[in-house]
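Coordinates in review
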Amino acid sequence: MFNNQDLDSVYNAIVSNDIAIIPTDTVLGLSCNALNQDACNKIYDLKNRDKSKPFAIFASNTQWIYNNCVVDKYIIDFCNKNLPGNYTIIVNLKTHLKLSHIGINTKIGIRIPKSDFCIGLCDKIYKNHNDKIILCATSVNISGFPPAIKISDVDKNILQNTAYYPQESFLQSQGLSGIPSTIVDFSDSSQNPLIIKR
């Protein structure tokens, strides 16, 4: 369960092209509008992250994947069986989305977390903005350090530069596993995807 006030606070930050910390089903994420280069650069800078390393796009349902990515029966079958879930799938992107500033050129990583909060947030963003705003996120830790599941583990500079971060009491109700998502890379072979456990 989640409080609508928390969801509204994140939503307002994202549509204002600011950044926010969000709970997922795995670890805390640092999120923004993927189409706003300034917000994305702010996350790269706060994390000390190499700008060649992409962020994941968050979606609320598999139809977003089918509309925006190159898929076949193998990818569709995997998505239908495993999403929402703790996977990041890598697939080839259709050409109409311009996301090279977050390391996405022809390949795109997509998450549909098993999280009512994330799905509710994506639903609200995509229903109200029709892909003019796209939610992306990356783990909230400084690059090279472990991911966080508690606000007390988040770097203070990151906290001071986000428009929203959740209270610990809220996070305790979200059941974050602390284990990063498994990557399933379909981009070179949909029949034999590369699976990377992190």
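Note: the structure precedes this text.
Numbers given for residues are sequential positions, taken from 1 along each chain in its written order. Residues qualify for local features only when their pLDDT is at least 70, as the model is predicted, and side-chain atom pairs are given and counted only at 80 or more; totals for whole chains, interfaces and linings, by contrast, use all residues. Hydrogens and water molecules were not included; the side-chain quantities draw on all heavy atoms of the structure.

We now examine the overall build of the protein chain. Counting from the N terminus, the helices are DSSP H or I runs at least four residues long and the strands are E runs at least two residues long. Across its full length, the protein chain carries 7 helices and 9 strands. Projected onto its principal axes, the C-alpha positions of the protein chain cover 45 × 35 × 30 Å. Think of it in three bands: with a 1.4 Å probe and only protein chains considered, a residue is buried below 20% of the maximum accessible area for its type, exposed above 50%, and partly exposed in between. When the 198 residues of the protein chain are sorted by exposure, 51% land in the buried category. A sequence separation of at least 24 residues applies to 68% of the contacts in the protein chain between residues at least 6 apart. Only the protein chains shown count as cover for residues, and all accessible areas are computed by the Shrake-Rupley method using a 1.4 Å probe. When the accessible area of the protein chain is evaluated, it comes to approximately 9600 Å², of which 47% is carbon and sulfur surface. Positive and negative side-chain charges of the protein chain, numbering 19 and 17 respectively, have mean locations separated by a distance of 4 Å. The contact definition used throughout considers only heavy atoms, calling two residues in contact when any of these lie within 4.5 Å. Neither His nor the chain termini are counted; the positive set is Lys and Arg, and the negative set is Asp and Glu. Think of each charge as sitting on NZ of Lys, CZ of Arg, CG of Asp or CD of Glu.

Two aromatic rings from Phe, Tyr or Trp, using only the six-membered ring of Trp, form a pair when their centres are within 6.5 Å; if the ring planes differ by under 30 degrees the pair is stacked, by over 60 it is edge-to-face, and anything between is tilted. A full pass over the atoms with the stated rule returns 5 aromatic pairs. A centroid spacing of 5.3 Å and a plane angle of 80 degrees characterise the contact between F78 and Y87, whose relative ring orientation is edge-to-face. What makes F78 buried here is its relative accessible area of 16%. Following the ring pairs from residue to residue traces out a cluster consisting of F78, Y87 and F186. Geometrically, a lysine NZ or arginine CZ counts as sitting over a ring once it is within 6 Å of the ring centre and also within 35 degrees of the ring normal. When the ring centre of Y11 is taken as origin, the NZ or CZ atom of K124, which lies over that ring, is 4.7 Å away.

Inspection of helix 4 (residues 73-82) places I75, F78 and C79 among the buried residues, and these make up the whole buried set. When helix 4 is viewed along its axis, its buried side chains cluster within an angular range of 95 degrees and face the same direction. Exposed residues on helix 4 whose side chains face more than 90 degrees from its buried face are K73, N80 and K81. Structurally, helix 4 contributes buried residues whose contacts are with helix 3 (62-68), strand 4 (69-70), strand 5 (87-93) and strand 8 (182-185). N or O atoms closer than or at 3.5 Å make up a polar contact, with two conditions inside protein: a donor-capable atom paired with an acceptor-capable one, and, for residues adjacent in sequence, both atoms drawn from side chains. N-cap assignment for helix 4: the residue whose side-chain oxygen lies 3.0 Å from the backbone N of Y74 is D72. The arc under discussion is defined with respect to the helix axis, by the directions toward the C-beta atoms.

Take the packing of helix 1 (residues 4-15) against helix 5 (residues 116-129) next. Look at helix 1 against helix 5: their axes get within 10 Å of each other, and the N-to-C directions meet at 45 degrees. By the angle class used here, helix 1 and helix 5 are oblique. In the crossing of helix 1 with helix 5, the sense of the turn from one axis to the other is right-handed. Contacts between helix 1 and helix 5 pair D6, L7, D8, V10, Y11, I14 and V15 from the former with F117, G120, L121, K124, I125, N128 and H129 from the latter. Residues belonging to the contact of helix 1 with helix 5 are distributed by class as follows: 8 nonpolar, 3 polar and 3 charged. Helix axes are fitted to C-alpha atoms over the stretch in contact, other axes to C-alpha atoms as well, and angles between N-to-C directions run from 0 to 180 degrees. Working definition: roughly parallel below 35 degrees, roughly antiparallel above 145 degrees, roughly perpendicular at 65 to 115 degrees, and oblique for all remaining angles. By convention, the crossing between two helices is left-handed when the near helix turns anticlockwise from the far helix through less than a right angle, and right-handed when the turn is clockwise. The residue classification treats Ala, Val, Leu, Ile, Met, Phe, Trp, Tyr, Cys and Pro as nonpolar and Asp, Glu, Lys and Arg as charged. All others, Gly included, are polar.

Another point: the nonpolar core. We define a nonpolar core as any set of buried Ala, Val, Leu, Ile, Met, Phe, Trp, Tyr and Cys residues linked to one another through side-chain atoms lying within 4.5 Å. Ranked by size, the top nonpolar core spans 65 residues in total, and within it I57, I102, I108 and I110 carry the most contacts. With sequence-adjacent residues up to four places away left out, I102 is seen in contact with A34, C40, Y44, K53, P54, F55, I57 and C136.

Before going further, it helps to spend a moment on the pattern of salt bridges. Each reported salt bridge corresponds to a side-chain nitrogen of Lys or Arg within 4 Å of a carboxyl oxygen of Asp or Glu. Across all of its chains, the model carries 5 salt bridges by this definition. Salt-bridge contacts for D188 lead to K107; the nearest nitrogen and oxygen are separated by 3.8 Å. Residue D188 is found in the loop between strand 8 and strand 9 (194-196), and its partner K107 is found in strand 6 (residues 107-111); the two are separated by 81 residues along the sequence.

How far a helix is expected to stretch is found by multiplying one less than its residue total by 1.5 Å. Across its 14 residues, helix 5 extends 20 Å between first and last C-alpha, which sits within 8% of the 20 Å expected from 1.5 Å per residue. Within the sequence span of helix 5, burial applies to F117, C118, I119, L121, C122, I125 and Y126. Of the surrounding secondary structure, the elements contacted by the buried residues of helix 5 are helix 1, strand 1 (20-22), strand 3 (56-58), helix 3, strand 7 (135-139) and helix 7 (168-172). One or two positions beyond helix 5, positive phi appears at N130, with a value near 50 degrees.

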